[in-house]
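# Observations on chain architecture
Next come the chains, spelled out residue by residue.
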Amino acid sequence: MSESEGLNMEQSRERFANEVDVALAQSARPFAIHNARKVDARGVAEHYWLVSDGSAIMATGNRDDDFAAACASVGLDADADSDSVSSVGPGDSMTGSAGFVTNAAGRMMTPGYVDIHAHGSWGSSFDDGVQGIRMARAGHMMHGTTRQVLSLITNPLDVMCANLQTVRGMMGARPDILGAHLEGPFLALSRKGAHDPECLKDPVPEYVDRLLHAANGCLRQITIAPELPHGIDAIRRFAAAGVVPAVGHCDADYATACRGFDAGAGIMTHMFNAMNGLHHREPGPIPAAVEDPRVTVELINDGFHVQDPMVRLGFGFAPHRIAFVTDAMAATDCPDGHYLLGALDVNVIDGHARLASNGAIAGSTLTLEKAVQRAVLELGFTPTDAVEAATLIPAKAFGFDRANPVTKQPLGLLASGYAADVLLLNPATWAVEHVWCDAHFLR
């Protein structure tokens, strides 16, 4: 990429980030989409439509007469038809694009993607303050991730507390930010991956209390190695505070992992990665998660963190409990080169991120758009299963699949009463073409 091309890309991305900021700050207006192929966790439906009243999805169906009536009920003219899907693009005014009828022209329509484990994108990390968060969120929004839990890397405890406070401060104006995930500092040294070993700690009560105080209600998930001396106690403490602990970056045996889940852990952090693997006489934490119906299992479907045969195997382990996550770092959707993960140097070659110091995998450059594309087009998953793993299942991990204080309306389905988070996809490539988040049109 030439210097001028790089500058143009940077300016284009900053412009999109600004448009997202402006759009999400304004009141949403009613919109309607029709002539779509609906795909969500409840199945596939042709000639589908939905209507939003500017707050939530208020009606769906596939009868034209019902569509006209639903449009009229929110002040839209179904016969005005609309902006065809090809006439609405990223350059359109964000202030005037929320209230229209769109003809999907046979495009696929899915719920917005929900990523519960990612660190950044577009050259920025979620640890980089307000500007870093807005840019990284724009990068994932461009690819259809309408809601995201912001993962924060292991740092000195005071830095992690400050980063939590930044996330908490942004949530009031950003419905796309669901809260924070702490991947550390309570990780096993032997399974630290790309985390700074100097910052790893045992989760004694003092540290638990400091993080909970700093989060002030924004902490959704924290990864903990349950075999640490205070690991099980910390899981109980975080769970009692409304946080969902996750078992991961661990060397736990099967029994200890089971104790962690019984103590309140509800997630397995990126299954297969940064943990002891399957062994017929030392089963380890993976079977403990798979056997427990209370546990949501994260999986990085990039073909690199987990190669395709194991993706297929893993997906079958826990039907309707696998959540695609990206573990995406700052280099996501960026050229190869040098990047930072926290304070650690990372080299990205052929789209794969590794620590400069020892070659350890350092997050991914994956988007949920790509994870879903791979699942359907390369691995042969059904559209319903692939979309469920990027929408309803991650939402369920935190109770966001039902009415809740954070998102208000539930996430994860194209159904009446659910949040108006909607994607239109190219039916051949599964590429994201248009995005609505919380009833705001973004691209």
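One numbering rule holds for all chains: residues counted from 1, following each sequence as written. Confidence filtering applies because this is a predicted model: local features only for residues at pLDDT of at least 70, side-chain atom pairs given and counted only at 80 or more, and all residues used for totals across whole chains, interfaces and linings. Side-chain figures throughout are based on the complete set of non-hydrogen atoms in the structure, without hydrogens or water.

The name given to the protein in an unreviewed UniProt entry is N-acetylglucosamine-6-phosphate deacetylase, with Bifidobacterium catenulatum DSM 16992 = JCM 1194 = LMG 11043 as the source organism. As its UniProt record puts it under Sequence similarities (unreviewed entry), the protein is described as follows: "Belongs to the metallo-dependent hydrolases superfamily. NagA family." UniProt positions are given in the numbering used here, feature names are shortened, and annotations may be inferred rather than shown by experiment.

### Digging into the overall build of the protein
For the protein, the helix and strand inventory stands at 12 helices and 22 strands. For 443 residues, the compact-globule formula gives about 22 Å, and the C-alpha radius of gyration of the protein, at 21 Å, lands near that figure. For the protein, the C-alpha atoms occupy an extent of roughly 65 × 50 × 40 Å along the three principal directions. Computed with a 1.4 Å probe, the accessible areas rest on the Shrake-Rupley method; for each residue, only the protein chains presented here act as cover. When the accessible surface of the protein is totalled, it reaches about 16,100 Å², and 49% of it is carbon and sulfur. Placing the 32 positive and 52 negative side-chain charges of the protein at their respective mean positions leaves the two points 4 Å apart. Segments assigned H or I by DSSP are reported as helices when at least four residues long, segments assigned E as strands when at least two residues long, and all are numbered from the N terminus. It is over C-alpha atoms that the radius of gyration is taken, and the globule rule equals 2.2 Å times the number of residues to the power 0.38. Charge counting follows a simple rule: Lys and Arg are positive, Asp and Glu are negative, and His as well as the terminal groups are ignored. A single reference atom marks each charge: NZ on Lys, CZ on Arg, CG on Asp, CD on Glu.

### Notes on the sheet that holds strand β19 (residues 352–355)
In space, the three strands of this open sheet follow the order β17-β18-β19, with antiparallel pairing throughout. The open sheet terminates on both sides in strands that have one partner only, identified here as β17 (337–341) and β19. This sheet shows a mean twist of 35° between the axes of neighbouring strands, independent of strand direction. Note: β17 against strand β18 (residues 344–349), five bridges, orientation antiparallel. Note on β18: the bridge partner recorded for L340 is D345. When DSSP finds at least two bridges between two strands, those strands are taken to pair. Axes here refer to lines fitted to C-alpha atoms; in helices the fit is confined to the stretch in contact. Angles between the N-to-C directions go from 0 to 180 degrees.

### Focus: the pattern of salt bridges
Two side chains of opposite charge can pair, provided their charged atoms sit close to one another. Just to be clear on terms, a salt bridge is a Lys or Arg side-chain nitrogen sitting within 4 Å of an Asp or Glu carboxyl oxygen. Inspection of every chain in the model, using the stated rule, returns 20 salt bridges. Taking the shortest distance from any N to any O, the salt bridge between R37 and E46 comes out at 2.8 Å. Note on classification: 1.4 Å probe, protein chains only; a residue is buried when its accessible area is under 20% of the maximum for its type, exposed when over 50%, partly exposed between these limits. Residue class for E46 comes out partly exposed when judged on its relative accessible area of 47%. D438 is the partner of R147 in a salt bridge, and the nearest nitrogen-oxygen pair spans 3.6 Å. Residue R147 is found in strand β10 (residues 145–153), and its partner D438 is found in the loop between β21 (432–437) and β22 (440–441); the two are separated by 291 residues along the sequence. Under the relative-accessibility criterion, R147 is labelled buried at 2%. Linked through salt bridges whose partners overlap, the residues forming this network are E14, D21, R134, R137, R174 and D176.

### Notes on the packing of helix α4 (residues 157–171) against helix α5 (residues 205–215)
Interhelical geometry of α4 versus α5 gives an angle of 25° and a closest axis separation of 8 Å. With respect to their mutual orientation, α4 and α5 come out roughly parallel. Seen from above, α4 lies across α5 with right-handed handedness. In this structure, α4 contributes L157, D158, M160, C161, L164, Q165 and R168 to the contact, and α5 contributes Y207, R210, L211, A214 and A215. Residues are grouped as follows: nonpolar covers Ala, Val, Leu, Ile, Met, Phe, Trp, Tyr, Cys and Pro; charged covers Asp, Glu, Lys and Arg; every other residue, Gly included, is treated as polar. Looking at the contact of α4 with α5, its residues break down into eight nonpolar, one polar and three charged. Each angle is binned into one of four classes, with values under 35 degrees roughly parallel, values over 145 roughly antiparallel, values of 65 to 115 roughly perpendicular, and all other values oblique. Handedness of a crossing follows from how the near helix is turned relative to the far one, being left-handed for an anticlockwise turn of less than a right angle and right-handed for a clockwise one. Contacts were defined at the residue level, with two residues in contact if any of their heavy atoms lie within 4.5 Å.

### Overview of the UniProt feature "domain: Amidohydrolase-related" (unreviewed entry) in the protein
The UniProt feature table records "domain: Amidohydrolase-related" (unreviewed entry) at residues 108–426. The annotated region residues 108–426 carries 32% helix and 21% strand content, and the separation between its end C-alpha atoms amounts to 7 Å.

### Focus on the sheet that holds strand β15 (residues 296–299)
Here we have eight strands laid out as an open sheet, ordered β7-β10-β11-β12-β13-β14-β15-β16, and parallel in their pairing. Each end of this open sheet is capped by a strand with a single partner; those strands are β7 (113–118) and β16 (322–324). When strand β12 (residues 219–224) meets strand β13 (residues 244–247), the two strands line up parallel, connected through four bridges. If you follow T223 over to β13, its bridge partner there is A246. Taken strand by strand, helix α10 (residues 368–378) contacts β7, β10 and β16, and its axis lies near 110° from that of β7.

### Some details on the nonpolar core
Counting residues in hydrophobic clusters, the biggest one holds 105 residues, and the most contacted among them are L164, V167, L211, F238 and M271. The dominant element in this core, judged by the number of residues it contributes, is α4, at seven residues. Filtering out sequence-adjacent residues up to four positions away, F238 remains in contact with F186, V208, L211, L212, L219, I222, I224, V243 and P245. Among the nonpolar cores identified, the runner-up in size contains 17 residues, and Y48, I57, A104 and L424 belong to it. Here, nonpolar core refers to any group of buried Ala, Val, Leu, Ile, Met, Phe, Trp, Tyr and Cys residues whose side-chain atoms link them within 4.5 Å.

### Description of the packing of helix α6 (residues 231–240) against helix α7 (residues 254–263)
Two elements in contact, α6 and α7, have axes whose closest approach is 8 Å; the angle formed by their N-to-C orientations is 20°. Compared by their axis directions, α6 and α7 come out roughly parallel. For the crossing formed where α6 meets α7, the hand is right-handed. Between α6, through I232, I235, R236 and A239, and α7, the contact on the second element is made entirely by T256, R259, G260 and A263. For the contact of α6 with α7, the per-class residue count stands at four nonpolar, two polar and two charged.

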